[in-house]
Amino acid sequence: MALQQVSVNKTFDGQLFKYKFKSAALGGLDANFNLFLPGNAAEGNKVPLLTYLSGLTCTEDNAAQKGHFLGPAAKEGIAILFPDTSPRGAGVEGETDSWDFGVGAGFYLNATAPKWAKHYNMLTHITLELPQVIESAGIPIDFKRQSIFGHSMGGHGALTFYLNSILSGEKRYRSVSAFSPVSNPVNCAWGQKAFAGYLAGGVEEARERYDATELVKKLGKEPVHVLIDYGTGDNFYKQGQLLPENFLKAARDSGYDEFQVRVRAQEGYDHSYYFISTFGEDHVHFHANFLKA
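Note that this is a predicted model, so its numbers are computed, not measured. (Residues numbered from 1 in each chain as written. Predicted model: local features only at pLDDT ≥ 70, side-chain atom pairs only at ≥ 80, totals over all residues. Heavy atoms only, no water.)

K.L.:
Help me understand the nonpolar core in this model?
P.N.:
Nonpolar side chains in soluble globular proteins tend to be buried together. The biggest cluster of nonpolar side chains holds 73 residues, and the ones touching the most others in it are Phe107, Ile141, Tyr162, Tyr198, Val226 and Phe247. Not counting the four nearest positions on each side in its chain, phenylalanine 107 is found in contact with Leu56, Thr85, Met153, His156, Pro185, Trp190, Gly191, Ala194, Phe195 and Tyr198. (Core = buried A, V, L, I, M, F, W, Y, C linked by side-chain atoms within 4.5 Å. Buried < 20%, exposed > 50% of the residue type's maximum accessible area, 1.4 Å probe, protein only. Contact = heavy atoms within 4.5 Å.)

K.L.:
I'm lost on the layout of surface pockets in this one. Help?
P.N.:
Leftover empty space is mapped by rolling, across the atoms, a probe with the size of a water molecule. Volume-wise, the largest pocket comes out at about 190 Å³. Lining the largest pocket are 13 residues, with Leu123, Thr127, Asn164, Arg172 and Arg209 positioned closest to its centre. When residues of the lining of the largest pocket are traced back to their parent elements, those giving at least two are helix H4 (122-136) and helix H5 (153-167). Looking at the second largest pocket, its volume works out to about 150 Å³. Residue lining of the second largest pocket: 13 residues in total, with Leu56, Thr57, Cys58, His151 and His271 positioned closest to the centre. In terms of residue class, the lining of the second largest pocket is built from 6 nonpolar, 7 polar and no charged. (1 Å grid on protein atoms, 1.4 Å probe; cavity = no way out; pocket = protein on both sides within 12 Å on 5 of 7 lines; lining within 4 Å. Points joined across faces, edges and corners; volume = space filled by probe spheres on them. Helix = DSSP H or I, 4+ residues; strand = E, 2+ residues; numbered from the N terminus. Nonpolar A, V, L, I, M, F, W, Y, C, P; charged D, E, K, R; others polar.)

K.L.:
What's the story with the environment of arginine 264 in this structure? I'm lost.
P.N.:
Within the element layout of this structure, arginine 264 appears in strand S9 (residues 261-266). Residues arginine 264 and phenylalanine 179 lie 85 residues apart in sequence; the distance between their C-alpha atoms is 9.8 Å. In this structure arginine 264 touches Leu227, Ile228, Asp229, Tyr230, Asp282 and His283, once residues within four positions along its chain are discounted. Here the side chain of arginine 264 touches aspartate 282 through a polar contact of 2.6 Å, side chain to side chain. (Polar contact = N/O pair within 3.5 Å; in protein donor to acceptor, adjacent residues only side chain to side chain.)

K.L.:
When you look at the sheet that holds strand S8 (residues 226-231) in this model, what are you seeing that I'm missing?
P.N.:
Strand pairing in a sheet is mediated by backbone hydrogen bonds. Such pairs are either parallel or antiparallel. On the basis of which strands lie adjacent, the open sheet formed by 9 strands has the order S1-S2-S3-S5-S4-S6-S7-S8-S9 and mixed pairing. Each end of this open sheet is capped by a strand with a single partner; those strands are strand S1 (4-11) and S9. Across the sheet, the mean angle from the axis of one strand to that of its neighbour is 20°, orientation sign disregarded. Strand direction decides the pairing type here: strand S4 (residues 47-53) and strand S6 (residues 141-151), joined by 6 bridges, are parallel. From the neighbouring strand, tyrosine 52 faces S6, where its bridge partner is phenylalanine 149. Contacts from H4 reach strand S2 (14-23), strand S3 (29-37), S4, strand S5 (79-83) and S6 within the one sheet, and its direction differs from that of S2 by about 110°. (Pairing = 2+ DSSP bridges. Axes fitted to C-alpha atoms, helices over the stretch in contact; angles between N-to-C directions.)

K.L.:
Explanation requested: the side chain of serine 86 in the structure shown.
P.N.:
With respect to the helices, strands and loops of the structure, serine 86 is situated in the loop between S5 and helix H3 (114-117). Polar contacts involving the side chain of serine 86 include one to the main-chain amide nitrogen of glycine 104, which spans 2.7 Å. Serine 86 has contacts with Gly102, Val103, Gly104, Ala105, Gly106, Tyr120 and Met122, leaving out every residue within four places of it along the chain.

K.L.:
In this structure, what is going on with the pairing of S6? I would like to understand it.
P.N.:
Along any regular strand, the residues point their side chains to alternate faces of the sheet. Among the 11 residues that make up S6, 9 are buried, leaving the element largely enclosed by the rest of the structure. When S6 meets strand S7 (residues 176-179), the two strands line up parallel, connected through 4 bridges. Note on S7: the bridge partner recorded for histidine 151 is phenylalanine 179. In this view, the connection linking S6 to its parallel neighbour S7 by way of H5 has right-handed handedness. (Right-handed = clockwise from strand over helix to strand, strands pointing away.)

K.L.:
It is not clear to me how the pattern of salt bridges should be interpreted in this structure. Could you clarify?
P.N.:
Opposite charge on two side chains permits pairing when their charged atoms draw close. Tallying each qualifying case throughout the model produces 16 salt bridges. Taken together, the salt bridges that share partners define one network made up of Glu204, Arg207, Glu214 and Lys217. (Salt bridge = Lys/Arg side-chain N within 4 Å of Asp/Glu carboxyl O.)

K.L.:
For this particular structure, what's the right way to read H4?
P.N.:
Residues lying three or four places apart along an α-helix face the same way, a consequence of the helix completing one turn every 3.6 residues. Over its 15 residues, H4 extends 20 Å from the first C-alpha to the last, a length consistent with the 21 Å expected when each residue adds 1.5 Å. At glutamate 129, H4 shows its maximal bend, which comes to roughly 40°, and the proline proline 131 appears one to four places after that position. Listed as buried for H4 are Met122, Leu123, His125, Ile126, Thr127, Glu129, Leu130, Pro131, Val133 and Ile134. Glycine 138 occupies a position one or two residues after H4 and carries a positive phi of about 80°. (Expected span 1.5 Å × (residues − 1). Bend = angle between axes of the 7 residues up to and from the residue.)

K.L.:
Would you explain the environment of threonine 213 in this entry?
P.N.:
With respect to the secondary-structure elements, threonine 213 resides in helix H8 (residues 212-216). Taking the C-alpha atoms as reference points, threonine 213 and asparagine 184, 29 residues apart in sequence, are found 5.4 Å from one another. Apart from residues lying up to four places away in sequence, threonine 213 is in contact with Ser183, Asn184, Asn246, Phe247 and Ala250. A polar contact is formed between the side chain of threonine 213 and the backbone nitrogen of phenylalanine 247, at a distance of 3.4 Å.

Below is the structure:
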């Protein structure tokens, strides 16, 4: 699993690296990721890590180029990891037939349906494999200080990774935020399609592990730090794919106030990186409060 550097670009006095390696979690396929290291990162100064999970059809490049995260992260002295959204090159029948399932749409789970289980394990790839590979390469990241955020499908991934890490007692991430997340996927078309395909137990299997609205009900008032933004002009919001109100209701019913779970409706914004880049700096600063505490 040795890292191969594909490229490096200087930006905001730091460096954005692209790496690839053979991923065991993804069935031996090549996996790419981008990693921004701020200028203060050094062998004697490990920096905290913020991981960003992208949405449907994206690669590791979209948010690194368009999210408006790197400048704020450089000022805060925070690294940002940008994984891909699915395995690529698996050759599974049907994986390129639609934009919302298969390639570019791994849904941040570990597949249990036999057809998909060898390659579609983005949960293990991101939470376990990438930290191990990065640490083994001697890159100065402090994995004891991690937070996570994401957009759309990636917002779903960020929320479920964070909530599951609390429920397991591991508490891998200090905070979570999301732009336009798929907040209750067992009740939307995108989630139902993904879970029916990837999971042997379908939607019912997903309800236990991969739905933020269901997971937040189980926390028992364990302290959380959650920020969600969505746009009222978002067509996917209007179509019922995101369902942030369901997550907010579940959180409030579980006793979380607006200081622990903040969900903000941003008037007129859509689902695009114009929206994300508008609030990107705000999200980086939100995480800095916990990563640098």
